[in-house]
Amino acid sequence: MATTFVGNRESNVPDGFGSVTHKYTYPEKMKLKPGAKDHDFILNQVLTRAQEAFSQVSQRFDAWEDVDRSLCAYVAPETLKDEDNAGDKTNSIVIPTSYANMETVLTYMTKAFLGDNIFRYLPVGPEDDIGAKLMELLVQRQMMQSHAGLRLHTQWRDSFAYGFGVVAPVWTEHYAVRNRTEDQGFLSLVSGLWRSTGTQDTSERTLIREGNELINIRPYRTLADPNVSIEDIQKGEFFGWSDNDNFTNLTGRDQVNGGDLFNVKYLDQLGGGQSAFSVYHDEDSKSFSSSRSPVGTITRPFDIIYMYINIIPEEWGLGKETNPEKWMFGVAGDSVVIKAEPAGLDHGLYPVGACAPDSDGYSSSPISRMELINPMQKVVDFVINSHIANVRKAVNDMLIVDPMLVNVDDLNNPEPGKIIRLRKRGWGRGVSDVVKQLNISDITKGNINDAAFLMNMIQETTGGADILKGVIQGGERTSATEASTANRNALSRLEKTAQIISMQSMQQIGYIVAKQTQQLMTQDTFVRLAGRYRDDLAATYGGEFAQIRPEDINIDLDVEVSDGSMPGGESPEAWVQLMQMVNQDPILKQGIDSVKVFKHIARNLGAKNVEQFTVKKAAVQSDEDVARQVELGNLVKEGTSV
């Protein structure tokens, strides 16, 4: 092995790279064979940026590991090895207070964002109205097929646990083999008719689905430009992450197999490659480490660094363009460049979205909400566990014994109904002064109250109030108005958090998803007409489904920013009273649409699709229009057989 210095670290490059050559087509006719000058230049640029990003984010790992432990109710492995505590795990229990509060906040985010349509679009002009509505239905279909809700939930959890969460919208194509039966035959030159000779079964690889999918990027593996705040990653010079893969999967994506990677064959000489910028999860200690190898070696694992960099192609030898362009690079095992191509996306953005609801607006890795309460969580664990330890001490007999008078072996017998015998010299003296219970004072009796106080402080800090968990604090005579008011006040804090997430991430992701659909969609797609646009689109397409062509969504659009509210956040009783006032007042009834008010109340109560309850009104046409439709055959008289 020869040692080559790359950036500020060493990279091991096999000597065999120079003696073996595989045929690959490289971008801009560059020489990107491992060991070549162009190859090492790109390798150095990627790894230098990865090292700069990793040196910043790795400083947060210790704090993140503490958060990971606080979000699990578990027993530390060292307790199981402690002979003094054998069979008793109470001294290391983690009280899941942080977990309960995070679940409350995540429940709100799920209800606020994962409703009828995750992303909503508005037309820029009147000519874009139908296209924006179709785009919303099409994107929602993609999100349902790719289970985007789960990916968004993970992003929000990361943002509360580690300070930020990142997802990448990726355009994917899914193929499958479909079997077909085709007629076989020939065209007769005599009769001019087709003569069948039978059928033949054929199979072909067919594109069955295409669309956007969201991919989570673990904060431990994020390589973001540390010179910009995490919510402003679009302003950074680069954004990357490390990923785990194996040689078999990489071979399937190799250029020789029609894939988007090159130099994969050279990886065969490495056997496997771990990156200095990748970390691996240790389930036993609930921690991450960059020194531990991935589990198993039979799959020949590789760590891949993927990185988008905003470059000037002329300076990198990747073309004559002098304006900045976003390129995508991939490096396997910190040694081999396997990907280098323009991002080629019309939106001109890094195809990633990040949210950091508790960011100060400046940090590349802000303090998380769970990290903020972690010291209080540790105190809760201490006061509860110390109280339990004191109770253990009290319930176990602690006796003062005169071994000259008592048979200690009988006293140590744990069985009930035992007989404790006195020694001969104690016979006839009585038993009152033979054994005495040691008095133990409970110095931890106030710990439960202390824990309750700390838990209340944690709830106030995170916004996970008891009333949001379905628990109403107070007397037995709490009125419905008081409970409703407390609930709305508690929800208002989480609405603010949801609004921040919407502006930071949801709007960005929605825009990227829509623009990638406009650019990369190749086949017509059917969508079901449902939701808030059902009636408008049904009038245009005349049915329950609409066929969307790529040209139908080639429009200008804006992403509608969510206000962070969720069903139930408003008072339905107040709205019902307002509706009654409208129906009773003739002047209000003329200016207020009662149907729309009813739909708003129904949605606030949690109705998913109010339009399914609406009655379709029969169209009223003039006699002349009806007669004309009868002549054209579009209408028939009642009772006429068809």
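Everything quoted here is computed from the prediction, not taken from an experiment.

What counts, and at which threshold
All residue numbers refer to positions counted from 1 along the written sequence of the respective chain. It should be noted that, the model being predicted, local features are given only for residues of pLDDT at least 70 and side-chain atom pairs only at 80 or more, the latter also being counted only at that level, while totals for whole chains, interfaces and linings use all residues. As a rule here, side-chain values come from all non-hydrogen atoms in the structure, and water together with hydrogens is ignored. Whenever a helix is involved, its axis is fitted only over the stretch in contact; in every case the axis is a line through C-alpha atoms, and angles between N-to-C directions fall within 0 to 180 degrees. Strands here mean DSSP runs of E at least two residues long; helices mean DSSP runs of H or I at least four residues long; both are numbered from the N terminus. Any angle that is under 35 degrees is reported as roughly parallel, and any over 145 degrees as roughly antiparallel; angles of 65 to 115 degrees are reported as roughly perpendicular and all others as oblique. By convention the crossing between two helices is left-handed if the near helix lies anticlockwise of the far one by an angle smaller than a right angle, and right-handed if it lies clockwise. What makes two residues a contact is simply this: any of their non-hydrogen atoms within 4.5 Å. pLDDT: the predictor's confidence for each residue, scored from 0 to 100. Each pair of aromatic rings taken from Phe, Tyr and Trp, with Trp reduced to its six-membered ring, is defined by centres within 6.5 Å and is described as stacked if the planes are under 30 degrees apart, edge-to-face if over 60, and tilted in the remaining cases. Note on classification: 1.4 Å probe, protein chains only; a residue is buried when its accessible area is under 20% of the maximum for its type, exposed when over 50%, partly exposed between these limits. As a working rule, the residues Ala, Val, Leu, Ile, Met, Phe, Trp, Tyr, Cys and Pro are called nonpolar, Asp, Glu, Lys and Arg charged, and the rest polar, with Gly in that last group.

Participant: Could you give an account of the packing of helix 2 (residues 61-70) against helix 9 (residues 369-395), with specific residues and numbers?
Facilitator: To characterise two packed helices, one gives the angle between the axes of the helices and the distance between these axes. It is the contact of helix 2 with helix 9, at a shortest axis distance of 10 Å, that shows an interaxial angle of 60°. Here helix 9 runs oblique to helix 2, going by the angle between their axes. Our pair here, helix 2 against helix 9, has a crossing hand that is left-handed. Note on element contacts: helix 9 touches helix 2 through Met370, Glu371, Asn374, Gln377 and Lys378, opposite Ala63, Trp64, Asp66, Val67 and Ser70.

Participant: If you had to explain the confidence of the model for the chain to someone new, which residues and values would you point to?
Facilitator: Counting all residues, the mean pLDDT for the chain is 80, and 78% of those residues have values of 70 or more. This model gives residues 82-90 a pLDDT under 50, and the stretch forms 11 contacts once residues within four places in sequence are excluded.

Participant: Please give an account of the packing of aromatic side chains that cites residues and values.
Facilitator: For the structure shown, the criterion picks out 19 aromatic pairs. Taking 6.3 Å as the distance between ring centres and 40° as the angle between the ring planes, the aromatic pair formed by tyrosine 24 and tyrosine 266 counts as tilted. Highlighted residues: tyrosine 24 in the loop between strand 2 (9-13) and helix 1 (37-57) and tyrosine 266 in the loop between helix 7 (247-252) and strand 8 (280-282), separated in sequence by 242 residues. Residue tyrosine 266 is classed as buried on the basis of its relative accessible area of 0%. Taken together, a centroid distance of 6.0 Å and an interplanar angle of 65° make the contact between tryptophan 64 and phenylalanine 164 edge-to-face. Within this pair, whereas tryptophan 64 is found in helix 2, its partner phenylalanine 164 is found in the loop between helix 6 (148-162) and strand 4 (165-187), the two being separated by 100 residues in sequence. Taking the relative accessible area as the measure of exposure, tryptophan 64 reaches 0% and is therefore buried.

Participant: Describe in detail the environment of asparagine 407, supporting the description with residues and values.
Facilitator: In this structure, asparagine 407 sits in the loop between strand 14 (399-401) and helix 10 (408-411). We classify asparagine 407 as buried; its relative accessible area is 17%. As for asparagine 407 and arginine 423, which are separated by 16 residues in sequence, their C-alpha atoms are 6.1 Å apart. Look past the residues within four positions of asparagine 407 in its chain and what remains in contact with it is Ile420, Arg421 and Arg423.

Participant: Before we move on, could you go through the packing of helix 4 (residues 97-113) against helix 11 (residues 447-462) and cite the residues and values that matter?
Facilitator: At a minimum axis distance of 10 Å, the contact between helix 4 and helix 11 shows a crossing angle of 30°. In terms of orientation, helix 4 and helix 11 fall into the roughly parallel class. Where helix 4 crosses over helix 11, the two elements pack in a sense that is right-handed. Residue-level inspection shows Thr97, Asn101 and Val105 of helix 4 in contact with helix 11, the latter providing Met455, Ile458, Gln459 and Thr462. When grouped by side-chain class, the residues that make up the contact of helix 4 with helix 11 number 3 nonpolar, 4 polar and no charged.

Participant: For the side chain of glutamine 142, give the residues involved together with the corresponding values.
Facilitator: Considering the arrangement of structural elements, one finds glutamine 142 in helix 5 (residues 129-145). When residues no more than four places from it in sequence are discounted, the contact partners of glutamine 142 are Trp171, Gly211, Asn212, Val513 and Thr517.

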